[in-house]
Amino acid sequence: MKNIVVLVSGGGTNLQALLDAQNRGELAGGKITCVISSNPNAYALERAKKHNVETAVIRRKDYDSLEAYDEALTALLTQKGADVIVLAGFMTILGKKVIGAFRNKIINIHPALIPSFCGEGYYGLRVHEEALKKGVKVTGATAHFVNEVCDGGPIILQKAVEVQNGDTPEVLQKRVMEQAEWKILPKAVALFCQDKIIVNGNTTEIIE
Ligand code: GAR
């Protein structure tokens, strides 16, 4: 059984999708054992507590440098015995140490079809604002492994979502979450827990 540790910063609807998938028996081979937040006031922590999942908080601003924060986060994840780490709306950039210690074991959900609308500065609502500004007719979400390149690691799953006339960033964000993120994130985690993802360099192959 793989220990799933989820990192969050905000509302935690993706964490909720993972908890719901687990309750439906869809995370076979894994168990959500800990939720770690970068923000002590994140509602995601309440969601974890309601499901009797252990929580912890680690704030970037409590460390003088990215190196010290990176060291502390790596130690915390090691102490929690993480086999897979899920970034579910985690808004802090990871350092080299944690990425190296958990290579191809950190899964991120990004609210666009990578390589569109991704990279540094593209997070949360901003991603949807830029998609609307560009006038794309299709957007979506991507579940991918984390490497040293921001939003540049091997892609695991993607799902497309149509943009509709009159969409605001908020409306589009909600549709992308409902139709894509909340579906592909639990699916990617389940595939990982069942050893069904083969990583070849910067691409993956899914064993059906
Ligand atoms: C989600 O849309 C997630 O894809 C995005 O933040 C939101 C968090 O919502 N993540 C990023 O933009 C990362 N680059 P949630 O807290 O309700 O899951």
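Scroll up to find the structure this text is about.
Since we're looking at a predicted model, the values are computed, not measured.

Overview of the overall build of the chain
Stage number 1. Within the chain, the secondary structure is distributed over 6 helices and 9 strands.
Stage number 2. For 208 residues, the compact-globule estimate of 2.2 N^0.38 gives 17 Å, and the C-alpha radius of gyration of the chain, at 16 Å, lies within 12% of that figure.
Stage number 3. If one aligns the C-alpha atoms of the chain with their principal axes, the spans along those axes are about 50 × 40 × 40 Å.
Stage number 4. Look at the contacts in the chain between residues 6 or more apart in sequence, and 65% of them connect residues 24 or more apart.
Stage number 5. Summing over all exposed atoms, the chain offers an accessible surface of approximately 10,000 Å²; the carbon and sulfur share of this is 49%.

Here's the deal with the site of the ligand
Stage number 1. Close to the ligand lie 14 residues, the nearest being Gly-12, Thr-13, Asn-14, Gly-124 and Glu-181.
Stage number 2. Between an oxygen atom of the ligand and a main-chain N or O atom of Gly-124, the distance comes to 2.8 Å.
Stage number 3. The contact in question runs from an oxygen atom of the ligand to an N or O atom on the side chain of Glu-181, over 2.7 Å.
Stage number 4. In isolation the ligand exposes 450 Å². Once the protein is present, 91% of that is buried.
Stage number 5. Taken atom by atom, the bulk of the ligand overlaps the largest pocket.
Stage number 6. Those elements that place two or more of their residues in the shell around the ligand are helix H1 (13-23), strand S5 (106-110) and helix H6 (169-193).
Stage number 7. The residue makeup of the shell around the ligand, split by class, is 6 nonpolar, 7 polar and 1 charged.

Re helix H2 (residues 43-50)
The periodicity of an α-helix, 3.6 residues per turn, causes residues three or four places apart in sequence to face the same way.
Stage number 1. Turning to H2, its buried residues number three or more, namely Ala-44, Leu-45, Arg-47 and Ala-48. The arc enclosing the buried residues of H2, seen along the axis, measures out at 155°, which places them on a common side.
Stage number 2. The inward-facing, buried residues of H2 contact strand S1 (2-8), H1, strand S2 (30-37) and strand S3 (54-57).
Stage number 3. Backbone geometry just after H2 places Asn-52 at a positive phi near 55°.

Quick word on the environment of Thr-139
Stage number 1. Within the element layout of this structure, Thr-139 appears in strand S6 (residues 138-145).
Stage number 2. On the basis of relative accessibility, which here comes to 3%, the residue Thr-139 falls in the buried class.
Stage number 3. Residues Thr-139 and Gly-201, 62 residues apart in the sequence, show an inter-C-alpha distance of 26 Å.
Stage number 4. Beyond its immediate chain neighbours, meaning those up to four positions away, Thr-139 contacts Pro-111, Ala-112, Leu-113, Lys-159, Ala-160, Val-161, Val-163, Leu-172 and Val-176.

Thoughts on the packing of H1 against H2
Any two packed helices are characterised by the angle at which their axes cross and by the distance between the axes.
Stage number 1. H2 packs onto H1 with a crossing angle of 15° between their chain directions and a minimal axis gap of 9 Å. In terms of orientation, H1 and H2 fall into the roughly parallel class. Here the hand of the crossing between H1 and H2 comes out right-handed. For the pair H1 and H2, contact is made by Thr-13, Leu-15, Gln-16 and Leu-19 and by Ala-44, Arg-47 and Ala-48, respectively.
Stage number 2. Counted by class, the contact of H1 with H2 contains 4 nonpolar, 2 polar and 1 charged residues.

Side note on the nonpolar core
Stage number 1. One finds Ile-4, Val-6, Ile-32 and Val-189 to be the most contacted residues of the largest nonpolar core, which totals 38 residues.
Stage number 2. Counting residues per element, this core draws most heavily on H6, at 11 residues.
Stage number 3. Of all hydrophobic cores here, the second largest spans 20 residues; its members include Cys-34, Ile-58, Ala-82 and Val-146.

Re the layout of surface pockets
Stage number 1. There is about 910 Å³ of room inside the largest pocket.
Stage number 2. As for the largest pocket, its lining consists of 41 residues, and the residues nearest its centre are Phe-90, Met-91, Thr-92, Asn-108 and Tyr-123.
Stage number 3. Those elements giving two or more residues to the lining of the largest pocket turn out to be H1, helix H3 (66-79), helix H4 (96-101), S5 and H6.
Stage number 4. Split by residue class, the lining of the largest pocket holds 16 nonpolar, 18 polar and 7 charged.

Cut-offs applied
Residues numbered from 1 in each chain as written. Predicted model: local features only at pLDDT ≥ 70, side-chain atom pairs only at ≥ 80, totals over all residues. Heavy atoms only, no water. Helix = DSSP H or I, 4+ residues; strand = E, 2+ residues; numbered from the N terminus. Rg over C-alpha atoms; globule rule 2.2 N^0.38 Å. Contact = heavy atoms within 4.5 Å. Areas by Shrake-Rupley, 256 points an atom, 1.4 Å probe, with all protein chains shown as cover. Near = heavy atom within 4 Å. Polar contact = N/O pair within 3.5 Å; in protein donor to acceptor, adjacent residues only side chain to side chain. 1 Å grid on protein atoms, 1.4 Å probe; cavity = no way out; pocket = protein on both sides within 12 Å on 5 of 7 lines; lining within 4 Å. Sits in = over half its atoms within 2 Å of the grid points. Nonpolar A, V, L, I, M, F, W, Y, C, P; charged D, E, K, R; others polar. Buried < 20%, exposed > 50% of the residue type's maximum accessible area, 1.4 Å probe, protein only. Arc of directions from axis to C-beta. Axes fitted to C-alpha atoms, helices over the stretch in contact; angles between N-to-C directions. Parallel < 35°, antiparallel > 145°, perpendicular 65-115°, else oblique. Left-handed = near helix turned anticlockwise from the far one by under 90°. Core = buried A, V, L, I, M, F, W, Y, C linked by side-chain atoms within 4.5 Å. Points joined across faces, edges and corners; volume = space filled by probe spheres on them.

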